[in-house]
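Here is how the chains run, residue by residue.
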Amino acid sequence: MSKLAKQSILTTISAYLGVVIGYFNLLWLLPYVLEPAQIGLFKTIQDMALLMTPFAQMGIGNGITRFFPQVKAEKFSFFTFSLFLGFIGYTVLLLVFLLFKAPISAAFVERSPEVNEYIQVALLITFLSVVNTLLEAFSRSFLKIAIPSLIRDVLLRLLMGLLVIGYFFDCYPFYLMIWGMTLVYLLTLLSMAFYMRRTGPRDLARGLVEGTPRHRMSARRVLPHGASTHPGQCSLRGSGRRR
């Protein structure tokens, strides 16, 4: 069996296992442990972060996958430059959010005022998700897809379940459970970085000092491609939101 076939099988197993854990968390664990209002807040914070992530990363993850073969000889520089663009995208999103913070907060005042108390959690999760998405895209370019899928589909949901169970056993109050989501996403990011360090490219610090006109050209090519991916990504996010 080829390496790619094994990766595909392991990815499929991770996806189905993630579905099982997700259904267990959503249909049994959350309703058993949390009040309806707490479930709504718990899910809303995650949904906000998931909605903002595609805008913050500007489609750079898809750009890495698409253009990686063309810059394979300078892959480390390309990746570092892509990370830099991701940071810029998040910074732009953060500035826009701060600029329109008042109307955004006003939208939750009437029905969900508690959301405004944890906006920072959504922003932190967005940042961690952006970096994790770029790491996953770079790993996918090296045809290493099984472990990233395991981290995304299984580990993340498993840690979320453990976070809720910890609250059930009074290990911490509810507000710390909400902030604990940031720790969960941080652990998945560190897991992804550790995996890449052990099995994939190690020298991720090269590149910015090696910036060449090719990378400036890459930005002009990657960003329009990223912009074209947003409508589809947003529609997928929107179709998955609970009503």
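Residues numbered from 1 in each chain as written. Predicted model: local features only at pLDDT ≥ 70, side-chain atom pairs only at ≥ 80, totals over all residues. Heavy atoms only, no water.

Focus: the overall build of the chain
1) Next: Along the chain, the regular secondary structure elements total 9 helices and 0 strands.
2) Next: In sequence order, the chain lays out its α and β elements as α-α-α-α-α-α-α-α-α.
3) Next: Put simply, of all contacts in the chain between residues at least 6 apart along the chain, 87% involve residues at least 24 apart. (Helix = DSSP H or I, 4+ residues; strand = E, 2+ residues; numbered from the N terminus. Contact = heavy atoms within 4.5 Å.)

So, the side chain of S129
1) Next: With respect to the helices, strands and loops of the structure, S129 is situated in helix α6 (residues 119–141).
2) Next: Those residues in contact with S129, other than ones at most four positions away along the chain, are T53 and Y185.

Regarding helix α7 (residues 146–168)
1) Next: Taking 1.5 Å as the rise per residue, α7 with 23 residues should run 33 Å; its terminal C-alpha atoms sit 32 Å apart, in good agreement.
2) Next: Most pronounced at L155, the bend in α7 amounts to some 30°.
3) Next: Positive phi shows up at D170, right after α7, with a value of about 60°. (Expected span 1.5 Å × (residues − 1). Bend = angle between axes of the 7 residues up to and from the residue.)

Some details on the packing of aromatic side chains
1) Next: By the definition in use, this model includes 9 aromatic pairs.
2) Next: Centre to centre, the rings of W28 and Y32 are 5.0 Å apart; their planes meet at 10°, and the pair counts as stacked. Taken as a pair, W28 and Y32 lie in helix α1 (residues 3–33) at a separation of 4 residues, close to a single helical turn.
3) Next: When its relative accessible area of 45% is taken as the criterion, W28 is described as partly exposed.
4) Next: For Y32, a relative accessible area of 51% translates into the label exposed.
5) Next: The interplanar angle of 45° and the centroid separation of 5.7 Å between the aromatic rings of Y32 and F168 together place this pair among those described as tilted. A residue pair is termed long-range when its members are at least 10 positions apart, and Y32 in helix α1 and F168 in helix α7 qualify at 136 residues. (Phe/Tyr/Trp six-rings, centres within 6.5 Å; stacked < 30°, edge-to-face > 60°. Buried < 20%, exposed > 50% of the residue type's maximum accessible area, 1.4 Å probe, protein only.)

Here we look at the confidence of the model for the chain
1) Next: Here the chain shows a mean pLDDT of 82. Residues at 70 or above account for 81%.
2) Next: Confidence scores differ between elements of the chain, with helix α9 (residues 213–240) showing the lowest mean pLDDT of 44 and α7 the highest of 95. (pLDDT = per-residue confidence, 0-100.)

Overview of the pattern of salt bridges
1) Next: Using the criterion set out here, one finds 3 salt bridges in the structure.
2) Next: Among the ionic pairs, R152 bridges to E136, the shortest N-O distance being 2.1 Å. Highlighted residues: R152 in helix α7 and E136 in helix α6, separated in sequence by 16 residues.
3) Next: A salt bridge links D153 to R152, with the nearest nitrogen and oxygen atoms 3.3 Å apart.
4) Next: Taken together, the salt bridges that share partners define one network made up of E136, R140, R152 and D153. (Salt bridge = Lys/Arg side-chain N within 4 Å of Asp/Glu carboxyl O.)

Here we look at the environment of P148
1) Next: Its place among the elements puts P148 in helix α7.
2) Next: Taking the C-alpha atoms as reference points, P148 and S14, separated by 134 residues in sequence, lie 9.6 Å from one another.
3) Next: For P148, the residues in contact, after removing those within four places along its chain, are E136, S139, M192 and Y195.

Brief notes about the packing of helix α2 (residues 36–57) against α6
How two helices pack is summed up by the angle between their axes together with the distance between the axes.
1) Next: Following both chains from N to C, one finds α2 and α6 inclined at 50°, their axes separated by 8 Å at the closest point. Relative to α6, the element α2 is oriented oblique. As for the relative orientation of α2 and α6, their crossing is right-handed in sense. Contacts from I45, M48, A49, M52, T53, A56 and Q57 in α2 reach I119, V121, A122, L123, I125, T126, S129, V130, T133 and L134 in α6.
2) Next: A breakdown of the residues in the contact of α2 with α6 according to their chemical character gives 12 nonpolar, 5 polar and no charged. (Axes fitted to C-alpha atoms, helices over the stretch in contact; angles between N-to-C directions. Parallel < 35°, antiparallel > 145°, perpendicular 65-115°, else oblique. Left-handed = near helix turned anticlockwise from the far one by under 90°. Nonpolar A, V, L, I, M, F, W, Y, C, P; charged D, E, K, R; others polar.)

With respect to the nonpolar core
1) Next: Counting 56 residues, the largest nonpolar core has L34, F42, I45, M177, I178 and M181 as its most contacted members.
2) Next: Of all the elements in the fold, those that place two or more residues in this core are α1, α2, α3 (60–67), α4 (75–99), α6, α7 and α8 (174–199).
3) Next: Broken down by element, the residue count for this core peaks at 12 residues, all from α6.
4) Next: Non-local contacts of I178, meaning those with residues more than four positions away in its chain, are made with L41, F42, Y118 and V121. (Core = buried A, V, L, I, M, F, W, Y, C linked by side-chain atoms within 4.5 Å.)

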